[in-house]
Amino acid sequence: MTPGQETAPADVIIVGSGAAGGMAAYTLTKAGLRCLMLEAGRDYDPQAEVNMLAPESDAPLRGSGTPDKPFGYFDATVDGGWEVTGEPYTSAPGSDFKWWRPRMLGGRTNHWGRHVPRWGAYDFKPFSRDGLGVDWPISYDDVAPFYDRVEKMIGVNGGPIGLENHPDSPAECLMPPPKPRIPEMLIKATAESMGIPVRAAHTAVLTRDMPDPVAPRAACYNASPCTRGCTIGAMFQTTTSFLPQAKATGKLTVQTDAMVSRVLTDKAGRATGVEYVDRKTGMRHEVKAKAVVLAAGTGETTRLLLNSGTPGRGLANSSGELGRNLTDSTGASFTAYIPGLAGRPRYNEDGIGGQHIYIPFWLYEQQKRGELDFARGYHFEVWGRFGVPSSNVLPRVWGADLKKAVRQASGATIGMALRGEMIPNKDTYCEIDPGVKDRFGIPVLRFAFRFSQHEINQVAHGRKTAHAIFTRMGGRILDDPTLPPEKIMAAGGEIIHELGTARMGADKRSSVVDGYGQAWDVDNLALMDGAIFASGAHKNPTLTILALALRSSERLAARFKSGAFA
Amino acid sequence: MTLSRRTTMQWMMAAAALPLARLAPEAGAAVGEGAPLPVVADWPGPVPPLPPTRGYGRDPTLMEPKVVWPLTLTPAQRASVDLLADMILPADDVSPGAAKLGIGAFVDEWISAPYPAQQTDRTLILGGLTWLDRQGEAQYRKPFAALDAKTRGGLLETLCTAAPTGAMAMPVRFMDRMRGLLVLGFYTLPEGKADMGYIGDQPTEGPYPGPSQEALAHLSALLATLKLTPA
C-alpha cells in the first residue's frame, strides 16, 4: 500500500481474491470504483513460483502428497491446505468435516479443477421439481447472459451437451475442445452402448490464445499438470487475469496477509468497513469504505459475519439462516484394470491436463417417473492415462517379469469419479465454536455434517453404473464393491465445493441475501462467493460463482452510480 | 474440485488403506510361488524411532525442490536395499538396474521422511531388512547379502506367494511394499519413463494432436473384440 491511500477510504472493500473476489475487483474497477482488496494469504506470483515442467522425480518423495502438501509437492497451493498452523477449525461430535483453505493471493483458482459446467433450469428451482430444499429467487434465464460473458472472459473450451437440464452455450462462447484420448474413447463407446451419454467437458483452459493488453494468455501447450498453476495463463486463475487487469486500472489496492476478523457497522446498521489482523505482525487495523463485498469463500465469509454485529447472532442474520444449509458435493472414486488396454501403443496423452470428456447426468426422466431412490443428480469425471501403474494392478513378481509387467500395465487403468448433489439438511451447518480461537484471537468455525439417504443412495447408484461400464469393457474392478456406500463417500468438505451458508432467497425471513447477493439486513454489504447458493447442484460451482459475482458487481456499480452510497 | 491429481492421490491412499488381501496384487496374477520355507524366522520387534526432524513445511520454494530431512539407513541397510533393488528391478536390454539409478537413495529418502505414511513404511521396510538377515541365518547361517544369487532369488520367490499365512504375512507385506516403492522410484525417473515408452512432458503448440493412427487401430480392434461400436 502506498502512503496516503490508507487514509483515503476506498469505495469498496473486497474480502478475498479468488474467483468471486477477482471478478468483483475486475468489474468494479472497470466501472471506475476504487477498491481495496484484502487477502488473508500471502502474496503470490505464478510467474515466479510455479515449477511447471520439472519432473516429479525432482521433488521430495517423487512429488507424493503429504500432510504439508496434500495434493503433491508441486501443487500450487502454498501456505495452506486442510490445516493452517495456528488457525484451527473444529467438528461437532460425530461429524468429520474437512476444510480446504488456501492462504494465498488468487485463492483456490490457483489449483482448481477447471471443470465448468453450466447449471440448468432445474438447478435453480429444485424445490419446484421435487419438493426438497428451496428454490432460488433467480432462474436460469437470469443467469444465462452472465454465463455467456463469463465463458468468454475466462476462456472455456468444450462442445454442445444437448441434454435435459444441460443448456448449451451459444457458439461464440466456447473454444474448441481437445480430441479425446484412447481410454476416453473406450469409455464413450462403452457408456453410449448402454444409453449413458458422454460429452466433451467444459474446461477453463484456453485452446486458443486470448490477447489482452495487460494480461495476455496463451493457448494450452498440452503438457504439465494444471494444478501446479500455469505460467502461460492457459488455465484460468485470477492471479494471471482479473487481478493484473484490475490493477492496471489504477483503481485497485491489494493488501495481502490481511485476515479480516469482522465487518464494522454504524448505528444505522450499515457497513462502514472491516477490521483485519495483519498476519505477519498480529496488529489490528480498521479500514473504511462505502460498501463491503465478502468473497472470502463460503466458510470464511460466514465466519466473519457470525463474528460481526450482535454477539451470539452475528451480522445480516435476522433470518437465523447464517451458517445453515451447508452442502458439499458427494464424491466417490471407482477404478478398473482393463486388460484390453494393456500394452497399447504409446503416444502423447498429456492433452490439456485433466479430462477431455465426461459423463453428464442423464436420468431426469426416470427420476421424474419415480424410478430412482434418490433426488437430484450426479456426473462422472473420468481418468485414464499412461503413467506408473499402481501396486494393485501389478502381479506379485520380481526381476525381469516385473519390468515386463510394468510396461504392460502402464495406461491400462481407468477411473471414474462421481460428483453429486447434496440436499441441505438440518444437521449440516457451521457455527462459531464457543471455546476455540485462532492465534489472532478470532473465534473459529465448528462444522456439523451429515449426508442424508438421498446422497447415500445416489452414490450406490453411481457405483453400480461405473462398475457396469467397467464390466462391459472387460475390466477388473479395483475398488471393493461390498463396502457400504457410506464407506466410500468422501468426507464432507473433501470435494471442496462447500456452499449455501448465507443463502439467497425471495424474502428476508428465509434467507440472508437477495437474488443479487445483497444482505437483506445491511444495505451496503454484498456477498459474492458460494455462501449465497440456495442449492448445490451436482455441477461444479465455480462458473456459477463467477456469473453471480459479475451480476452482483454490476448491480453494485449501478447503485453507486445512482447515488445509493453517496 | 475436479478429478485430477487429487483423485489419483486419493486412489493411491485408498489402496494403501485397504486390508492386505486387497492391497496385494491380484491373487490370480501371482506367478511367484516358491516352495514353503522349512523354517520361518520371527518378524523383528519395533524399529528404533526416527530421530526428530522436520518436513518441508506448507510453503517450500517450489522452484528449488529439495529433501530437507537427513537420510537414516545405515550403510548395511542401504547395501541390502541396493541389493534388493537390483534383484527386483534388474538391468535388462531396455533400462539399467534400479540400484544404478539411485533408487536405494530414494527408498532411504522415503523411509526417513517425517510423515505418517512414510513412517508406517519405515517400520515395515526396516523390519523386513532385518527379517531377511534372520531368515538367511535360520536357514543357511548367513545374512541375506552373503547368500548366493540363486538362494536369494529363491527366498524372494517365497515372498511372492498369493495367500501368505501366519509368520509369512509380514514378510510378504514387506516384499509388496518394497516392490511398490521401487516401482514408484524407478518409473518416475526419466530413465523409467523411457523404459515404459512414456511420451509426454513436451510442450506442443496448437491443438492437441490426439491419438496416433497406430493407437486408433489398436482401439478399433479392441472395440471389435468387445462388440462395441466406435462412438
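Below is a short write-up of the structure. This is a predicted model, so every value here is computed, not measured. (Residues numbered from 1 in each chain as written. Chains lettered and ligands numbered in written order. Predicted model: local features only at pLDDT ≥ 70, side-chain atom pairs only at ≥ 80, totals over all residues. Heavy atoms only, no water.)

Notes on the overall build of chain B
Filter applied, for reference: Secondary structure elements follow DSSP: runs of H or I no shorter than four residues count as helices, runs of E no shorter than two count as strands, and numbering proceeds from the N terminus. Buried, partly exposed and exposed residues are distinguished by accessible area as a fraction of the type maximum, computed with a 1.4 Å probe on protein chains only: under 20%, between the cut-offs, and over 50%, respectively. In what follows, a contact means two residues having at least one pair of non-hydrogen atoms within 4.5 Å. The accessible surface values rely on the Shrake-Rupley method and a 1.4 Å probe; as for residues, cover is taken only from the protein chains in view.
What chain B contains, in helices and strands, is nine helices and zero strands. Taking all 231 residues of chain B together, the buried fraction comes to 45%. Nonlocal contacts in chain B, meaning residues at least 24 apart in sequence, comprise 68% of its contacts between residues at least 6 apart. In the structure as shown, chain B presents an accessible area of about 10800 Å², 60% of it carried by carbon and sulfur atoms.

Section: the sheet that holds strand 3 (residues 90–91) of chain A
Strand pairing in a sheet is mediated by backbone hydrogen bonds. Such pairs are either parallel or antiparallel. Residue and element names in this part refer to chain A. Quick note on the threshold: Paired strands, in this sense, are two strands between which DSSP finds at least two bridges.
If you trace the three strands from one edge of the open sheet to the other, you get 3-14-13, paired in mixed fashion. Each end of this open sheet is capped by a strand with a single partner; those strands are strand 3 and strand 13 (429–437). In the sheet, strand 3 pairs with strand 14 (residues 443–448) via two bridges, with the strands oriented parallel. Bridging across to strand 14, S91 finds its partner in F447.

A look at the interface of chain B and chain A
What counts is decided by this rule: Just to be clear on terms, a salt bridge is a Lys or Arg side-chain nitrogen sitting within 4 Å of an Asp or Glu carboxyl oxygen. Pairing of N or O atoms within 3.5 Å defines a polar contact, subject to two protein rules: one partner must be a possible hydrogen donor and the other a possible acceptor, and residues neighboring in sequence count only if both atoms are side-chain atoms. Classification convention: Asp, Glu, Lys, Arg as charged; Ala, Val, Leu, Ile, Met, Phe, Trp, Tyr, Cys, Pro as nonpolar; all other residues, Gly among them, as polar.
With 103 residues of chain B at the contact, the number on the chain A side is 107 residues. For the pair chain B and chain A, the interface holds five salt bridges. At the junction of chain B and chain A, the tally comes to 33 residue pairs in polar contact (both at pLDDT 80 or more). In terms of residue class, the side of chain B that touches chain A is made up of 61 nonpolar, 25 polar and 17 charged.

Describing empty space enclosed by the protein
Summary: where empty space remains is shown by rolling a probe the size of a single water molecule over the atoms. Residue and element names in this part refer to chain A. Let me state the cut-off plainly: Cavities and pockets were defined on a 1 Å grid built over protein atoms only: a cavity is a set of grid points that admits a 1.4 Å probe from which the probe cannot escape, a pocket is an open set flanked by protein on both sides within 12 Å along at least five of seven lines, and lining residues are those with an atom within 4 Å of any such point. Grid points are joined across faces, edges and corners, and a volume is the space filled by probe spheres set on the points.
A full pass over the atoms with the stated rule returns eight cavities of 30 Å³ or more. Volume-wise, the largest cavity comes out at about 720 Å³. Lining the largest cavity are 45 residues; nearest its centre among them are G18, P102, R108, A296 and G297. Looking at which element gives the most residues to the lining of the largest cavity, the answer is helix 8 (residues 298–306), with four residues. When grouped by side-chain class, the residues that make up the lining of the largest cavity number 20 nonpolar, 17 polar and eight charged.

Notes on the sheet that holds strand 12 (residues 413–420) of chain A
Residues and elements named next belong to chain A. The test is simple: Under this scheme, a helix contributes an axis fitted over its contacting stretch, all axes are lines through C-alpha atoms, and angles between N-to-C directions fall in the 0 to 180 degree range.
The six strands are arranged 4-10-11-12-9-15 in an open sheet whose pairing can be described as antiparallel. Only two strands of the sheet have a single neighbouring strand rather than two, namely strand 4 (199–200) and strand 15 (476–477). Across the sheet, helix 11 (residues 453–472) lies against strand 9 (330–337), strand 10 (357–359), strand 11 (378–383), strand 12 and strand 15, angled at about 20 degrees from strand 9, the strand it touches most.

Remarks on the packing of aromatic side chains
Applied cut-off: Two rings from Phe, Tyr or Trp (for Trp, the six-membered ring) form a pair when their centres sit within 6.5 Å of each other. Planes less than 30 degrees apart are called stacked, planes more than 60 degrees apart edge-to-face, and all others tilted. To sit over a ring, a charge needs its Lys NZ or Arg CZ within 6 Å of the ring centre and within 35 degrees of the ring normal.
Under the definition given, this model contains 35 aromatic pairs over all chains. Between W82 of chain A and W100 of chain A the ring centres are 4.9 Å apart and the planes differ by 75 degrees, which places this aromatic pair in the edge-to-face class. Pair noted here: W82 of chain A is in the loop between helix 2 (46–49) and strand 3 and W100 of chain A is in the loop between strand 3 and helix 3 (121–124), with a separation of 18 residues, a long-range link. Residue classification places W82 of chain A among the buried positions, given a relative accessible area of 14%. The class for W100 of chain A is buried, based on a relative accessible area of 1%. An aromatic cluster of three or more residues is present, and its members are Y122, F334, F361, W362, Y364, F374, Y378 and F380 of chain A. Lying over the aromatic face of Y516 of chain A, R551 of chain A brings its terminal NZ or CZ to 4.0 Å of the ring centre. When the ring centre of Y198 of chain B is taken as origin, the NZ or CZ atom of K193 of chain B, which lies over that ring, is 4.9 Å away.

Looking at the pattern of salt bridges
Scanning the model with the defined rule gives 46 salt bridges over all chains in all. Measuring nitrogen to oxygen at the nearest pair gives 2.8 Å for the salt bridge that ties E151 of chain A to R118 of chain A. Separated by 33 residues along the polypeptide, E151 of chain A in helix 5 (residues 140–154) and R118 of chain A in the loop between strand 3 and helix 3 bring together distant segments of the chain. In this structure E151 of chain A comes out as buried when scored by relative accessible area, which is 1%. By relative accessible area, R118 of chain A is classed as buried at 4%. Of the charged contacts in the structure, one is a salt bridge between R179 of chain B and D176 of chain B, with a shortest N-O distance of 2.9 Å. Here D176 of chain B and R179 of chain B lie together in helix 7 (residues 169–187), a separation of three residues that amounts to about one turn. Comparing R179 of chain B with D176 of chain B, the two get one shared label, buried. Salt bridges sharing partners connect three or more residues here, namely E87, R103, D257, R279, K280, E300, R303 and D438 of chain A.

Description of the nonpolar core
Residues and elements named next belong to chain A. What counts is decided by this rule: Side-chain atoms within 4.5 Å link the members of a nonpolar core, which is a set of buried Ala, Val, Leu, Ile, Met, Phe, Trp, Tyr and Cys residues.
Residues V12, L28, L186, I359 and L525 are the most contacted members of the largest nonpolar core, which totals 215 residues. With near-sequence residues (within four places) excluded, V12 lies in contact with L28, L33, R34, C35, L36, A289, A291, V293, L556 and F560. With five residues, the next largest nonpolar core counts M259, V277, F440 and I442 among its residues.

Overview of the side chain of Q237 of chain A
Residue and element names in this part refer to chain A. Within the secondary structure layout, Q237 lies in the loop between strand 4 and helix 7 (242–247). For Q237, a relative accessible area of 0% corresponds to the buried category. Polar contacts involving the side chain of Q237 include one to the side chain of N110, which spans 2.9 Å. In this structure Q237 touches P46, T109, N110, G229 and C230, once residues within four positions along its chain are discounted.

Brief notes about unusual backbone geometry
The backbone phi angle of S224 of chain A is positive, close to 75 degrees, even though this residue is not glycine. Within the element layout of this structure, S224 of chain A appears in the loop between strand 4 and helix 7. Unlike most non-glycine residues, K227 of chain B shows phi in positive territory, near 55 degrees. Mapping K227 of chain B onto the fold places it in the segment after helix 9 (213–225). A residue is classified by how much of its surface remains accessible, and K227 of chain B, at 71% relative accessible area, is exposed.

Concerning helix 8 of chain A
Residue and element names in this part refer to chain A. In terms of residue burial, helix 8 counts as a mostly covered element, since nine of its nine residues are buried. For helix 8, the set of buried residues is T298, G299, E300, T301, T302, R303, L304, L305 and L306. On its buried face, helix 8 sits against strand 1 (10–15), strand 6 (258–265), strand 8 (284–294), strand 13, strand 14 and strand 16 (525–527).

Examining the side chain of D328 of chain A
Residue and element names in this part refer to chain A. In this fold, D328 is placed in the loop between helix 8 and strand 9. Judged by relative accessible area, which is 2%, D328 ranks as buried. Polar contacts involving the side chain of D328 include one to the main-chain amide nitrogen of G493, which spans 2.8 Å. Reaching out from D328, the side chain makes a polar contact with the backbone nitrogen of I495 at a distance of 3.1 Å.

Remarks on the pairing of strand 8 of chain A
All names here are of chain A. Two elements, strand 1 and strand 8, share five bridges in a ladder whose sense is parallel. Looking at strand 8, one finds that I14 is bridged to V293. Here strand 7 (residues 271–278) runs beside strand 8; their pairing, made up of five bridges, is antiparallel. Paired with V277 across the two strands is R284, which belongs to strand 8.

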